[in-house]
Amino acid sequence: MQTEHRLFAPTIFLLFATLLVMAMLAGGQLLIPFVWAFLFSYVMMPFAILLEKKVSRSVAAIIATLVFVIVSGLVLFFLIYEAIRIMRNEPVLFEKIRSAVDQLQMHFESIMGVKLVDTANAHNTEGLRGIVNWFAKQIVGIGENVVTLTLIPMYLFFILNYRGLLTAFVEKRYSGERKRDMELFFTRAEFSIQNYLLGTLILTGVSTVMSFLILFAFGINYAFFFAVFIALLNLIPYIGNLTAFVVVLMFVWITKDTGSAVLFVGLSLWLSNIIQENFLRPKLIGDKMEMNAMMVFTAVVVGGMIWGFSGMVLFIPLLGILQALLNSSPEWRPYAVFFEAGGKKTIEEIKDHEETT
């Protein structure tokens, strides 16, 4: 009987986690814009609170939402415009890519005596089929993207305008010790999200400036576009940084036709990333949302499997909310140890806690 009692809580947790994942998969088109709007609301919240000193909350929410739409619209317009400019040179870039691949294949064949790909047939059949399939997928996804872009500002307005409802619910629903636990959860979650978002926003701007200066110094075309591209992909830990570097270095290799340019640009971007990760990120984000690398990497992978690119970005602050939820409950607090970084420090804290109790 005691064994059944011990297994009850983990069973409920696993059942809840399974239902939650199923809900995320089924309602992704609705939940993804809501979570984006929820995170953006923390960025726009200080501005909305400042406006509320002179106007009503509804008017402040409308103005803050309009400012968000204008700024995000300008960023999207710039990225699309620059992408179109690059696409205009696509035939030249494609020819350079094909010639570079052919040279590498000939070099490999001369060394190993093995032919990898029949380029005469591959470029005419499989390459064309892949391009057609890619464009088909993009056309199918346009509808979902339009819905997402439309719902985000709408949800943002509602969250900014009705943000007091959650506090009122807690006041009426809970009391005593349970009420203090809920207040502790909301305080920790809010602090973690704000710290993460504001620090990440500043770090993204710094990354854009540093990458732009490096690419501009080496005379790389579309330097600002690729600087923004690197900064945005840096939002995805581990995977995004590597992907951005590969794309940028391939572009440098194609346009510059020299291995030295690729080497120096790669080293410069690598040093810039070292400075950001080891000096700027600890200062800007600090340890307020500190989690071990295994949990962050798992969140990126699972988020990508469930929600795609949005999941890779959104699941990290969601993981911080889960960590705050576990820390706010005495019953679930021991499980929060698996989120923390620094095993020795955590073990010492557990021993000190056992000695005091």
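Here the structure is shown first, and the text comes after it.
Procedures and definitions
Residue positions are given per chain, counting from 1 as you read along its sequence in written order. In keeping with the predicted nature of the model, local features appear solely for residues at pLDDT of at least 70, side-chain atom pairs appear and are counted solely at 80 or more, and the whole-chain, interface and lining totals rest on all residues. The basis for the side-chain values is all heavy atoms of the structure; hydrogens and waters are excluded. By definition, any uninterrupted DSSP run of H or I lasting at least four residues is a helix, any uninterrupted run of E lasting at least two residues is a strand, and each is numbered from the N terminus. Accessibility here uses a 1.4 Å probe with only protein chains present; expressed as a share of the type maximum, an area under 20% marks a residue as buried, one over 50% as exposed, and anything in between as partly exposed. Any two residues whose heavy atoms approach within 4.5 Å at even a single point are treated as in contact. Computed with the Shrake-Rupley method and a 1.4 Å probe, the accessible areas treat only the protein chains shown as cover for residues. Put simply, buried Ala, Val, Leu, Ile, Met, Phe, Trp, Tyr and Cys residues joined by side-chain atoms within 4.5 Å make one nonpolar core. Two joining distances apply to patches: 9 Å for like charges and 5 Å for nonpolar side chains (Val, Leu, Ile, Met, Phe, Trp, Tyr), and every residue must have over 30% relative accessible area and no salt bridge. Criterion for a salt bridge: a side-chain nitrogen of Lys or Arg within 4 Å of a carboxyl oxygen of Asp or Glu. Whenever a nitrogen or oxygen atom comes within 3.5 Å of another N or O atom, the pair is scored as a polar contact, on the condition that within protein one atom can donate a hydrogen and the other can accept it, and that pairs from neighbouring residues in sequence are kept only if both atoms are in side chains. Side-chain rings of Phe, Tyr and Trp, where Trp is taken by its six-membered ring, are said to pair if the distance between their centres is within 6.5 Å; with planes under 30 degrees apart they count as stacked, over 60 as edge-to-face, and otherwise as tilted. Sitting over a ring, as applied to charges here, requires NZ of Lys or CZ of Arg to be within 6 Å of the ring centre and within 35 degrees of the ring normal. Note on geometry: axes are C-alpha line fits, over the in-contact stretch for helices, and angles between N-to-C directions span 0 to 180 degrees. Note on terminology: angles under 35 degrees are roughly parallel, angles over 145 are roughly antiparallel, angles of 65 to 115 are roughly perpendicular, and the others are oblique. Left-handed describes a crossing whose near helix is turned anticlockwise from the far helix through less than a right angle; right-handed describes the clockwise counterpart. Note on residue classes: Ala, Val, Leu, Ile, Met, Phe, Trp, Tyr, Cys and Pro are nonpolar, Asp, Glu, Lys and Arg are charged, and everything else, Gly too, is polar.

Undergrad: I would appreciate a short explanation of the overall build of the protein chain in the present structure.
TA: When helices and strands are counted, the protein chain shows 14 helices and 0 strands. From first element to last, N terminus to C terminus, the protein chain shows the α and β order α-α-α-α-α-α-α-α-α-α-α-α-α-α. Evaluated residue by residue, the protein chain yields a buried proportion of 32% over its 357 residues. The contacts in the protein chain between residues at least 6 apart in sequence include a share of 68% that link residues at least 24 apart. With an accessible surface of roughly 22,700 Å², the protein chain has 70% of that area assigned to carbon and sulfur atoms.

Undergrad: I'm lost on the nonpolar core in this one. Help?
TA: Across soluble globular proteins, you tend to see nonpolar side chains buried next to one another. The biggest cluster of nonpolar side chains holds 41 residues, and the ones touching the most others in it are Leu160 and Trp307. When contributions to this core are tallied by element, the ones reaching two or more residues are helix 2 (28–51), helix 3 (57–88), helix 6 (126–161), helix 8 (176–217), helix 12 (293–307) and helix 13 (309–328). Top element by residues in this core is helix 2. It accounts for 9 residues. In terms of nonpolar packing, the next biggest core, distinct from the first, is built from 21 residues, Leu79, Ile86, Leu215 and Leu269 among them.

Undergrad: I'm lost on a nonpolar patch on the surface in this one. Help?
TA: A surface patch of nonpolar side chains, amounting to about 460 Å² of accessible area, comprises Phe47, Val55, Val59, Ile63, Val67, Val71 and Val75. Per element, the largest residue contribution to the nonpolar patch is 5 residues, and it comes from helix 3. Structurally, Val71 is set in helix 3. Relative accessible area serves as the criterion here: at 48%, Val71 is assigned to the partly exposed category.

Undergrad: Looking at this structure, how should I read the environment of Ala223?
TA: Residue placement: Ala223 occurs in helix 9 (residues 223–233). The buried category is assigned to Ala223, whose relative accessible area is 7%. Along the sequence, Ala223 and Val248 sit 25 residues apart, while their C-alpha atoms lie 9.7 Å from each other. Residues within four places of Ala223 in sequence aside, it is in contact with Phe212, Leu215 and Phe216.

Undergrad: Any chance you could explain the side chain of Thr208 here in plain terms?
TA: Examined against the element boundaries, Thr208 turns out to sit in helix 8. Taking relative accessible area as the criterion, Thr208 reaches 13% and is therefore assigned buried. At 2.8 Å, the side chain of Thr208 and the backbone oxygen of Thr204 are in polar contact.

Undergrad: Is there a simple way to explain the packing of aromatic side chains in this structure?
TA: Any aromatic ring pair is given by two values, namely how distant the centres are and how the planes are angled relative to each other. Counting across every chain of the model gives 15 aromatic pairs. With centroids separated by 5.5 Å and ring planes inclined at 55°, the aromatic side chains of Phe157 and Phe158 adopt a geometry described as tilted. It is Arg173 that lies over the ring of Tyr174; its NZ or CZ is 5.2 Å from the centre.

Undergrad: Sorry, what's going on with unusual backbone geometry here?
TA: With the exception of glycine, most residues fall at negative phi, and the peptide bonds are largely trans. Of note, Tyr222 is a non-glycine position whose phi angle comes to about 55°, a positive value. Mapping Tyr222 onto the fold places it in the loop between helix 8 and helix 9. By relative accessible area, Tyr222 is classed as buried at 17%.

Undergrad: Looking at this structure, I do not really get the packing of helix 8 against helix 9. What am I missing?
TA: A pair of packed helices is characterised by two quantities: the angle between their axes and the separation of those axes. The contact between helix 8 and helix 9 brings their axes to 8 Å, and the two run at 140°. In terms of their interaxial angle, helix 8 and helix 9 are classed as oblique. Pair helix 8 / helix 9 crosses with right-handed handedness. Contacts between helix 8 and helix 9 pair Thr204, Ser207, Thr208, Ser211, Phe212, Leu215 and Phe216 from the former with Ala223, Phe224, Phe226, Ala227, Val228, Ile230 and Ala231 from the latter. Looking at the contact of helix 8 with helix 9 residue by residue, the classes come out as 10 nonpolar, 4 polar and no charged.

Undergrad: Please explain the packing of helix 9 against helix 10 (residues 239–256) as it appears in this structure.
TA: At a minimum axis distance of 8 Å, the contact between helix 9 and helix 10 shows a crossing angle of 160°. Here helix 9 is positioned roughly antiparallel relative to helix 10, judged by the angle of their axes. Handedness of the crossing formed by helix 9 with helix 10: right-handed. For the pair formed by helix 9 and helix 10, the contact residues are Phe226, Phe229, Ile230 and Leu233 on the first element and Gly240, Asn241, Thr243, Ala244, Phe245, Val247, Val248 and Phe251 on the second. Here the residues of the contact of helix 9 with helix 10 are counted per class, giving 9 nonpolar, 3 polar and no charged.

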